[in-house]
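Structural description and commentary
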Amino acid sequence: MHFAELVDALRDADDRGVLLRGHLWIEALLEYVTRTKLERPDAIDWGNARFEHKLALAEATAAVDVPLIRAIRSFNRLRNKSAHEMLFTIDLD
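Described in the following lines is the structure provided in the data block.

**Points about the overall build of the protein chain**
- What the protein chain contains, in helices and strands, is four helices and zero strands.
- Taken from N to C terminus, the helices and strands of the protein chain fall in the order α-α-α-α.
- The buried share of the protein chain, taken over its 93 residues, is 24%.
- The long-range fraction of contacts in the protein chain, counting pairs at least 24 apart against all pairs at least 6 apart in sequence, stands at 50%.
- Within the structure as shown, the protein chain displays about 6,800 Å² of accessible surface, and the carbon and sulfur contribution to it stands at 55%.

This is the structure:
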């Protein structure tokens, strides 16, 4: 999916849809930037790698700056709450 397609998809999405699609986009970007730092990126089974593993690899290879890593970890916690708590709502405050 290209960025313009993501933006179009997010226009019509509810809060949870934005959260989930944003998470998928971040995961794809983590994989992309990490692959560029690795000598043999295909040695990793990216399809079975969990989000937190991709994030850890991005941090370990310095593909992503530490402040952004922290922000992505917070975003991932929010996504996990959304996925696992039935009554979860997003509160912008």
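That shown, we press on.
**A closer look at the environment of R73**
- Structurally, R73 can be placed in helix 4 (residues 66–84).
- A residue is classified by how much of its surface remains accessible, and R73, at 34% relative accessible area, is partly exposed.
- In this structure, the C-alpha to C-alpha distance between R73 and A56, residues 17 residues apart in sequence, is 9.9 Å.
- Among residues more than four places away in sequence, those in contact with R73 are L55 and E59.

What counts and how
- Note on numbering: residues in each chain are counted from 1, in written sequence order.
- Confidence filtering applies because this is a predicted model: local features only for residues at pLDDT of at least 70, side-chain atom pairs given and counted only at 80 or more, and all residues used for totals across whole chains, interfaces and linings.
- Excluded from the side-chain calculation are hydrogens and water; included are all heavy atoms of the structure.
- In this text, helices come from DSSP runs of H or I with a minimum length of four residues, and strands from runs of E with a minimum of two, each type numbered from the N-terminal end.
- Summary of the burial criterion: residues with accessible area below 20% of their type's maximum are buried, those above 50% are exposed, and those between are partly exposed, where the area comes from a 1.4 Å probe applied to protein chains only.
- Between two residues, a contact is recorded if the distance between any of their heavy atoms is within 4.5 Å.
- Here the open area of atoms and residues is found with the Shrake-Rupley method and a 1.4 Å probe, where only the protein chains shown may cover a residue.

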